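# Survey of secondary and tertiary structure
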Amino acid sequence: MSVWNYAPGVTKATFNLHQQHHVGLVDSRIFGGFLEHMGRAVYEGIFDPPSVQADEFGCRTDVVGALSELDFTVMRYPGGNFVSNYHWRDGVGPVDERPTRRELAWGTIEPNTFGTNEFLSLCERTGWSPMFAVNLGTGTPEEAADWVEYTNGNPTTELGRQRAKDDPMSVQPVPLWCLGNEMDGPWQIGHMSAAEYGTKARQAAHMMKLVDPTIELVVSGTSLPESSTYLAWDQIALESVGGFADYLSTHRYLDNYSGDTAAFLTSGVAIDRQIAEIDSVCRYVAGRRRSSRRPFIAFDEWNVWYRTRNRAGMWADGQFPAHLVEEVYDLQDALVCAQFLMSFIRNADVVKVANLAQIANVIAPVLTNGDNLLRQTIFEALAMFVGRRTGNSLRLGYRGPVIPSPEFESVAMVDGAAILNGDNELYVFAVNRSVDSKVELTVELSGSHLEPVSCDLLHHSDPTAQNTWDSPDLVRRSGMEMSSGPALMVELPPHCLVAMTLKVS
Ligand code: AHR
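Figured I'd write up the structure that's included with this text. (Residues numbered from 1 in each chain as written. Predicted model: local features only at pLDDT ≥ 70, side-chain atom pairs only at ≥ 80, totals over all residues. Heavy atoms only, no water.)

### Considerations on the sheet that holds strand E3 (residues 22-25)
Strand order in the open sheet formed by seven strands is E3-E16-E20-E21-E26-E23-E24, with antiparallel pairing between adjacent strands. The open sheet is flanked by E3 and strand E24 (478-479), the only strands paired with a single partner. Looking at chain direction, E3 and strand E16 (residues 392-394) are connected through three bridges and run antiparallel. When the bridges of E16 are listed, leucine 25 appears paired with asparagine 392. In this fold helix H10 (residues 331-346) packs onto E3, E16, strand E20 (414-421), strand E21 (425-432), strand E23 (450-458) and strand E26 (496-504), with an angle of close to 50 degrees to the strand it touches most, E20. (Pairing = 2+ DSSP bridges. Helix = DSSP H or I, 4+ residues; strand = E, 2+ residues; numbered from the N terminus. Contact = heavy atoms within 4.5 Å. Axes fitted to C-alpha atoms, helices over the stretch in contact; angles between N-to-C directions.)

Here it is, written out as structure tokens:
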């Protein structure tokens, strides 16, 4: 976004768009999710056979039904930190023969009643494209390659035959694989240096692609931008994995520890910055290899997370299933989540995959309590992108007020993204980051006439408003009026998200 007019105090803003100024096609996989064996994400979240909500597969129809409203495309599984002490063979074959294990990432007990085939069968029913992470902590490159053989091989091999026996209905191969998770982090089981990781990841990548050359691989990048190895780890890991690397992973959880709503609402700028930095490593490494085939970005964990990000909230102490990191979100969190998605759209040429972490109970858009389900504020924001995600991301010129920011200098008061679908439908997203100013927003598209089709608003007078079990509908999206003419205008209340569908003529 180019901020080209500094005009403090002005409450009018314009998005200038041009039909031919494409950033790139929006990859549908940026609307992905992430399901980890952690807390009550799988057990009591997605999979809950005793619940009255359970279907014939033991999956909760209310949870899966609510998630289907969010239309996730790819789904990352089974972790996360969990995967670094997970052996996939524990989770296949007859359920009553599967081992119960002590799980060391989150301190829980893993019954293994939900595993590879239960997940893949769920993917078949929901339309999610599976994205697996392999264990490069306690696991070996051979175990990783065997998993590819099991899921993607055919019954000419022993593992292919075993899969056909374990899940005769299955047809879905796994196209996308992560080479470990956050291996740079000292908290990670099997944590190692970038050079050690690079060697192990390359060995795994080599074997996995020998088994199935069509799979795509994600190299594990630095997990926290604050880390001392940020970007240096990424460079070493990418260089080691070389031509086997299709994507470089990056993660980010934004927070509001200071309780400063005004500052928090500008924090989406950090995502643009992180994407630019990670992209520069991808280009640098490709350049050094004299390769025209560059790795792209898989932003494979993102969300707001801070209230429950502490030892007590993250350690199950032998309980199963434990209530871990069940963050209750408010409106401002939802507005920051929307900024993540808008940043991925604006960077459509380099961000090809992104996964909301996570999908049920654990830092998630839905919570369960017994047989009941709650849609959080972030659910509402994500839902506003559904049906408005296909097409070319357009460069967005911004004219309007800015917010002074100690961290980012000045930040556009209205954050925006736009997608042009074919020639005649335009989707525009806008977050008013101001906590106290209304903004009259005009959208212009290179002289074209814009007619309103639909417009959704997410707003509440209190940015800290939450949906809770006592008031489950406090923060809900609603329809809103737009005025049309040569340009299109909409009035944004303070701290809000708006999503528009416009007809172009
Ligand atoms: O999403 C929760 C955890 O956050 C993941 O397991 C880990 O990869 C990250 O640190």
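### Focus: the side chain of glutamine 19
Topologically, glutamine 19 is positioned in the loop between strand E2 (12-17) and E3. Overall, glutamine 19 belongs to the buried group, its relative accessible area being 17%. Leave out the neighbours within four places in its chain, and glutamine 19 touches Leu394, Leu420, Asp423, Leu445, Ser446, Ser448 and Val504. (Buried < 20%, exposed > 50% of the residue type's maximum accessible area, 1.4 Å probe, protein only.)

### Digging into the nonpolar core
The biggest cluster of nonpolar side chains holds 127 residues, and the ones touching the most others in it are Ile46, Leu179, Met208 and Phe344. If you tally residues by element for this core, the top one is H10, at 11 residues. What isoleucine 46 contacts, discounting residues up to four positions off in sequence, is Leu35, Ala41, Gly58, Cys59, Arg60, Val63, Leu67, Leu122, Trp128, Ile359 and Ala360. The next biggest cluster of nonpolar side chains, apart from the first, holds 32 residues, and it includes Ala430, Val439, Leu457 and Met482. (Core = buried A, V, L, I, M, F, W, Y, C linked by side-chain atoms within 4.5 Å.)

### With respect to the sheet that holds strand E4 (residues 32-34)
Reading around the barrel, the eight strands line up as E4-E5-E8-E9-E10-E11-E12-E13 and close back on themselves, with parallel pairing between neighbours. Between one strand and the next, the sheet's axes are offset by a mean angle of 30 degrees, whatever the strand orientation. Taken together, the four bridges between strand E5 (residues 74-77) and strand E8 (residues 129-133) define a ladder with parallel strand orientation. Each bridged residue has a counterpart across the sheet, and for methionine 75 the counterpart in E8 is proline 130. Where helix H2 (residues 116-126) meets the sheet, its contacts fall on E5 and E8, and the angle it forms with E8 comes to roughly 150 degrees. Contacts from H10 reach strand E11 (247-254), strand E12 (296-304) and strand E13 (351-357) within the one sheet, and its direction differs from that of E12 by about 175 degrees.

### Focus on the site of the ligand
Taken together, 13 residues lie near the ligand, and Glu36, Asn81, Glu182, Tyr253 and Glu301 sit nearest. Within the side chain of glutamate 182, one N or O atom sits 2.7 Å away from an oxygen atom of the ligand. A distance of 3.0 Å separates an oxygen atom of the ligand from a polar side-chain atom of glutamine 358. Contact with the protein chains covers 97% of the free accessible surface of the ligand, which is 280 Å². Of the residues belonging to the shell around the ligand, the class tally is six nonpolar, four polar and three charged. (Near = heavy atom within 4 Å. Polar contact = N/O pair within 3.5 Å; in protein donor to acceptor, adjacent residues only side chain to side chain. Areas by Shrake-Rupley, 256 points an atom, 1.4 Å probe, with all protein chains shown as cover. Nonpolar A, V, L, I, M, F, W, Y, C, P; charged D, E, K, R; others polar.)

### With respect to the environment of serine 448
Its location among the elements puts serine 448 in the loop between strand E22 (439-445) and E23. Taking relative accessible area as the criterion, serine 448 reaches 11% and is therefore assigned buried. Distance from serine 448 to serine 505, taken between C-alpha atoms, is 5.8 Å for residues 57 residues apart in sequence.

### Description of the packing of aromatic side chains
Considering all chains together, one arrives at 25 aromatic pairs under this definition. Considering the side-chain rings of phenylalanine 132 and tryptophan 177, the 5.3 Å spacing of their centres and the 75 degrees angle between planes classify their relative orientation as edge-to-face. Residue phenylalanine 132 is located in strand E8, and its partner tryptophan 177 is located in strand E9 (residues 176-179); the two are separated by 45 residues in the primary sequence. The two residues phenylalanine 132 and tryptophan 177 agree in class, both being buried. Between phenylalanine 299 and phenylalanine 340, the aromatic rings sit 6.4 Å apart at their centres with planes inclined by 85 degrees, giving edge-to-face as the arrangement. Remark: phenylalanine 340 occurs in helix H10 and phenylalanine 299 occurs in strand E12; sequence separation between them is 41 residues. Judged on exposure class, the residue phenylalanine 299 and its partner phenylalanine 340 are both buried. (Phe/Tyr/Trp six-rings, centres within 6.5 Å; stacked < 30°, edge-to-face > 60°.)

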